[in-house]
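As a plain string of letters, each chain reads:
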Amino acid sequence: MKYFVSVIDDETGSGTEEEMAAIDAFNDRLMAEGHWVFAAGLGGPTTATVIDNRNGDAVFTDGPFVESKEYLAGFWIVEAPDLDAALKLAADGSRSCNRRVEVRPFL
Amino acid sequence: MVAALTRRFGDLDIAEDAAAEAFATAVARWPVDGVPPNPGAWLTTTGNHKAIDRIRRENKRNDKQTEARMLFHDAAFDPPGVIDDDRLRLIFTCCHPALAMEARVALTLRMVGGLTVPEIARAFLVQESAMGRRITRAKAKIKAARIPYRVPSAEDLPARVSGVLAVLYLVFNEGYLASGPDTDPVRHDLTAEAIRLTRLIRALLPEDGEVAGLLALMLLTEARRTARVSASGELVPLDEQDRGAWDAALIVEGQRLVRERLATGAAPGRYQILAAINAVHTSARDTRNTDWSQVVALYDQLIRLDPSPIVALNRAIAVAELDGPKVALAAVDELEDDLAGYHAYHATRAHLLRQLGRSQEARAAYDRAIELAGNTAETAYLTRRRDQLA
């Protein structure tokens, strides 16, 4: 079972050096214990471009689709047997990146 | 039975429907065929068949694990130990911290307590359709997010048990001080169900001090139920209650639990301390005879565990008996920022101001308390008290 662990941030600027080191250590552990699927940090909301090609005539718009103080700063995709295991990993992830995270199951 | 079917099929909906179908079949067949020699086993076997039928019908379960569990699950019924384990698993699933508190309460009453959706909707003054949706959403989350169906590991157990107890205490309190203008002031159906489920958990986790503490707290509170509301539907405060009407059997049982916990010498949690406070009250002939210094000492202990303004308010009420209304009022007034929206804060102030002869301020405090109180018996009591003021 795969879970999407999104990192919620409400300030601009990436993690501190300490946070990055903690994230690296956490990632190493995910790999060693077989939970790792993928992880990445994302550019801030100001770097976003919205595309609407529903009519076959693509329109590109600057800026994030949802304007809010909180935004998705990065994510992990982890492999875990059930929600309890995923929540444990997410709790350690939140600690390592020093931000709130949200867990959602893949369909 | 629902618990056993859930373990086997890993799906609350299937388990619930299969159990219902098995009972329906029993109702139709037993009067004709006679009651089978082992009715419990008959129901379990029938429930299993119904569940397998449904899964085959819907043909949506072909993962090997489910198949294997269906085919190799031995015997027609489980020994009692396994059934207990199943119930415990079900309780932990229903009270999982990933579910909203109101969903945990509803799901526990539905799946563990066996209450119907309309019954639960009535209990919490929610539309039946809304309650149905709440339960459906919770079940869907359990399934989609794969909330596990098992007893948590030893390291997680204390935190998860306290989550289960919080659900049961909430059910009990809603019964004991029912809210809403058209409900009975005390909902015995809810208090009884909360006690029944807490007894069940106590049987499953006999070593857990807080489980014993919550059961004792509920029993000692429930013991005073009939004396707590007058014939005219008005709340009767502790010092005016007819103590002869208290349920002696419940008091004996509750106090025995408190003594058992004290004898272990283990540091008590909040439910055990609250139970001990109620044990002091229920062992006194009247309020004057009550060991108030013991009550205040127990509240001091509770505040160290739970420094919430509500605990501080209850401590102040005990302080009033020990050190007088003036000292207590000073302590209560400090809580205004936190408790200005809480009816008991204003009711306590009103009571203390009245004792101090500050009638006008007392009247204003009663007005505010009446405005905020949700319980009909409490409103009636506060109104009479206010109208007694000159």
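All of these numbers come straight from a predicted model, not from anything done at the bench.

The helix and strand tally for chain A stands at two helices and six strands. In chain A, the succession of α and β elements from N to C terminus is β-α-β-β-β-β-α-β. Each principal axis of the C-alpha distribution contributes one length, and for chain A these read about 45 × 35 × 20 Å. The buried share among the 107 residues of chain A stands at 22%.

Next up on the list: the sheet that holds strand β5 (residues 71–79) of chain A. Residue and element names in this part refer to chain A. Reading across from one edge, β2-β5-β1-β6 is the order of the four strands in this open sheet, with antiparallel pairing throughout. Taken across any chain shown, the strands that pair with only one partner, and hence form the sheet edges, are β2 (36–41) and β6 (100–105). Sheet twist, expressed as the average angle between the axes of neighbouring strands with direction ignored, equals 20 degrees. Bridge count between β2 and β5: five bridges; the pairing is antiparallel. Across the sheet, residue Ala39 finds its bridge partner in β5, namely Trp76.

All names here are of chain B. A residue-level look at chain B finds 91% of positions with pLDDT of 70 or above and a mean pLDDT of 86. Ranking the elements of chain B by mean pLDDT puts helix α4 (residues 64–72) last with 45 and helix α11 (residues 209–222) first with 97. Note on residues 67–80: pLDDT under 50 across the span, and twelve contacts to partners over four residues away in sequence or across chains. As scored by the predictor, the complex reaches a pTM of 0.75 and an ipTM of 0.83.

A separate point is the environment of B:Leu322. All names here are of chain B. Residue placement: Leu322 occurs in helix α16 (residues 309–323). In the structure, Leu322 is positioned 26 residues away from Val296 in sequence and 8.4 Å away in space, judged by C-alpha atoms. Residues within four places of Leu322 in sequence aside, it is in contact with Trp292, Ser293 and Val296.

Below, the discussion takes up the interface of chain A and chain B. Interface size is commonly expressed as the accessible surface area that is lost when the partners come together. Taken together, the contacts link six residues of chain A with six residues of chain B. For the side of chain A that touches chain B, the element with the highest residue contribution is helix α2 (residues 83–97) of chain A, accounting for three residues. Across the side of chain A that touches chain B, the residue classes tally to four nonpolar, no polar and two charged.

Residues and elements named next belong to chain B. Examined against the element boundaries, Phe23 turns out to sit in helix α2 (residues 12–33). Judged by C-beta crowding, with 14 C-beta atoms within 10 Å, Phe23 ranks as partly exposed. Taking the C-alpha atoms as reference, Phe23 lies 8.7 Å from Thr46; in sequence the two are 23 residues apart.

Attention now moves to the environment of B:Ala192. Residues and elements named next belong to chain B. Tracing the sequence through the fold places Ala192 in helix α10 (residues 188–204). Using a count of 15 C-beta atoms within 10 Å as the deciding quantity, one classes Ala192 as partly exposed. Between the alpha carbons of Ala192 and Leu177 there is a distance of 13 Å; along the sequence they are 15 residues apart.

Even without a glycine there, the phi angle at A:Asn98 is positive, about 60 degrees. As for its position among the elements, A:Asn98 is in the loop between α2 and β6. A count of 14 C-beta atoms within 10 Å places A:Asn98 in the partly exposed class. Unlike most non-glycine residues, B:Arg146 shows phi in positive territory, near 55 degrees. Of note, B:Arg146 is situated in the loop between α8 (128–144) and α9 (157–176).

Glancing now at α11(B). In this model, α11(B) (14 residues) spans 20 Å end to end at C-alpha, consistent with the 20 Å of a helix rising 1.5 Å per residue. Counting buried positions along α11(B) gives 13 out of 14 residues, so the element sits mostly inside the fold.

In this section: α2(A). All names here are of chain A. Here α2 spans 20 Å end to end across 15 residues, near enough to the 21 Å set by a 1.5 Å rise per residue. What α2 keeps buried is the set Leu83, Asp84, Ala86, Leu87, Leu89, Ala90, Gly93, Ser96 and Cys97. Residues of α2 that are buried make contact with β1 (2–9), α1 (17–32), β5 and β6. Downstream of α2 by one or two residues, Asn98 has phi in the positive range, about 60 degrees.

Rules of the game
- Residues numbered from 1 in each chain as written.
- Chains lettered and ligands numbered in written order.
- Predicted model: local features only at pLDDT ≥ 70, side-chain atom pairs only at ≥ 80, totals over all residues.
- Helix = DSSP H or I, 4+ residues; strand = E, 2+ residues; numbered from the N terminus.
- Buried ≥ 20, exposed ≤ 12 C-beta atoms within 10 Å, placed from the backbone.
- Pairing = 2+ DSSP bridges.
- Axes fitted to C-alpha atoms, helices over the stretch in contact; angles between N-to-C directions.
- pLDDT = per-residue confidence, 0-100.
- Contact = placed C-beta atoms within 7 Å.
- Nonpolar A, V, L, I, M, F, W, Y, C, P; charged D, E, K, R; others polar.
- Expected span 1.5 Å × (residues − 1).

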